[in-house]
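# Summary of structural features
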Amino acid sequence: MELSERHAIFIGCKMDGQLRRRLESLSGPDRKYVSSDDSTFLRICRLGSDQFVGKVIHERLSTDRIDDVRRNVLSILQRVCPTCGFPFTSR
């Protein structure tokens, strides 16, 4: 199998109703953290009828960086939606 440099990697989670509503209602300075467009922080993506929020990584990513990106995604989600509860944040 040959690896491709052209495909991005997505690290994030599927949005439930509570998280989706909270992210849609963001305003002010918190709005910069989540976008449907290409974002420095988090991006909302669709796969069929499901929505996901996370980071799209275009550059090469080694396994030791995956956990760093995961923690970054969860940190931003906890900042903008502290009441949503993310059970997968602890290890």
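Residues numbered from 1 in each chain as written. Predicted model: local features only at pLDDT ≥ 70, side-chain atom pairs only at ≥ 80, totals over all residues. Heavy atoms only, no water.

## A look at the overall build of the protein
Regarding its fold elements, the protein presents two helices and four strands. In terms of overall dimensions, the protein is globule-like: its C-alpha atoms have a radius of gyration of 14 Å, near the 12 Å expected for 91 residues. Its C-alpha atoms give the protein principal-axis dimensions of roughly 40 × 30 × 25 Å. The contacts of the protein with a sequence gap of at least 6 include a subset with a gap of at least 24, amounting to 54%. Carbon and sulfur atoms form 49% of the exposed surface of the protein, whose accessible area is close to 6,500 Å². Considering the protein, the positive charge centre built from 16 side chains and the negative charge centre built from 12 side chains are found 5 Å apart. (Helix = DSSP H or I, 4+ residues; strand = E, 2+ residues; numbered from the N terminus. Rg over C-alpha atoms; globule rule 2.2 N^0.38 Å. Contact = heavy atoms within 4.5 Å. Areas by Shrake-Rupley, 256 points an atom, 1.4 Å probe, with all protein chains shown as cover. Lys, Arg positive; Asp, Glu negative; His and termini not counted. Charge placed at Lys NZ, Arg CZ, Asp CG, Glu CD.)

## As for the environment of Ser4
Within the fold, Ser4 resides in the segment before β1 (9-14). Each C-alpha atom of the pair Ser4 and Ser27 lies 38 Å from the other, and the pair is 23 residues apart in sequence.

## Overview of the environment of Gly17
Note on placement: Gly17 falls in helix α1 (residues 17-24). Of the residues examined, Gly17 reaches a relative accessible area of 28% and is grouped as partly exposed. (Buried < 20%, exposed > 50% of the residue type's maximum accessible area, 1.4 Å probe, protein only.)

Honestly, it's all geometry; don't read function into it.
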